[in-house]
Amino acid sequence: MRKLSKKSRITATVAGVALVAVGGGAAYAYWTTTGSGTGSAANSDGGGTVTLHATFNAGLAPGNQTNVAYTADNATTSSTVVGALTANVTTSVPECLPAWFEVTAVTTNATVAAGATGISVGSGVLKFNDSTANQDACKSATVTVNVSSQ
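Quick caveat: nothing in here was measured; it's all calculated off a predicted structure.

Novice: What exactly am I supposed to notice about the environment of E102 here?
Specialist: The topology assignment puts E102 in strand β5 (residues 101-103). Those residues in contact with E102, other than ones at most four positions away along the chain, are V125, L126, K127 and N129. Polar side-chain contacts of E102 include one of 3.0 Å to the side chain of N129.

Novice: Looking at this structure, I do not really get the pattern of salt bridges. What am I missing?
Specialist: Note that side chains of opposite charge can pair when their charged atoms are close. Taken as a whole and judged by the stated rule, the model has one salt bridge. Residue K139 pairs with D136 through a salt bridge whose shortest N-O separation is 3.6 Å. For D136, a relative accessible area of 44% corresponds to the partly exposed category.

Novice: Honestly, the state of the cysteines in this entry has me stumped. Any pointers?
Specialist: Simply put, disulfide is the name for a covalent bond between the sulfur atoms of two cysteines. Enumeration according to the criterion identifies one disulfide in this entry. Between the sulfur atoms of C96 and its disulfide partner C138 the distance amounts to 1.9 Å. An S-S torsion of about 100° defines the bridge between C96 and C138 as right-handed. Taken as a pair, C96 in the loop between β4 (85-91) and β5 and C138 in the loop between β8 (119-128) and β9 (143-149) lie far apart in primary sequence, 42 residues in all.

Novice: How should the nonpolar core be read in this particular structure?
Specialist: Taken as a class, soluble globular proteins show a tendency for nonpolar side chains to be buried jointly. One finds L52, Y70, V82, F101, V103, V121 and L126 to be the most contacted residues of the largest nonpolar core, which totals 24 residues. Broken down by secondary-structure element, the contributors of at least two residues to this core are β2 (65-73), β4, β5, β8 and β9. Those residues in contact with L126 that sit more than four places away from it in its chain are F56, L60, N64, Q65, T66, V68, V89, F101, E102, V103, V143 and V145.

Conventions adopted
Residues numbered from 1 in each chain as written. Predicted model: local features only at pLDDT ≥ 70, side-chain atom pairs only at ≥ 80, totals over all residues. Heavy atoms only, no water. Helix = DSSP H or I, 4+ residues; strand = E, 2+ residues; numbered from the N terminus. Contact = heavy atoms within 4.5 Å. Polar contact = N/O pair within 3.5 Å; in protein donor to acceptor, adjacent residues only side chain to side chain. Salt bridge = Lys/Arg side-chain N within 4 Å of Asp/Glu carboxyl O. Buried < 20%, exposed > 50% of the residue type's maximum accessible area, 1.4 Å probe, protein only. Disulfide = S-S within 2.5 Å. Core = buried A, V, L, I, M, F, W, Y, C linked by side-chain atoms within 4.5 Å.

Here it is in structure tokens:
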């Protein structure tokens, strides 16, 4: 093996130290820091309004009754729960008295997802009470069940 000259040894030593300094410095060169932050966004303003429907069979006569199905459509972007249902009857003929009818609404407290349609939210019974009065005014009259929720 050949001996290095003094000049070559100094050059090699300086190069080695420089290499260690550059390489070693890169391994330990970093910045330290601390920090914090937040983010926020407004929530939905609630479930909004659903559209309720009452469906029942036609052909009701005095003394008869029919089942009523209550459904909901939710066109909003938030799901909602339909609470207590309230129902009442109107008729297309003023002489066909709404007081001759009884309607119930049993609530299921159903969740209606955003964009959902036809979701069952309750049921009930529509009864045409038989009166001692002449009820001929109700023949072919349209009976409407109006439903709302709270």
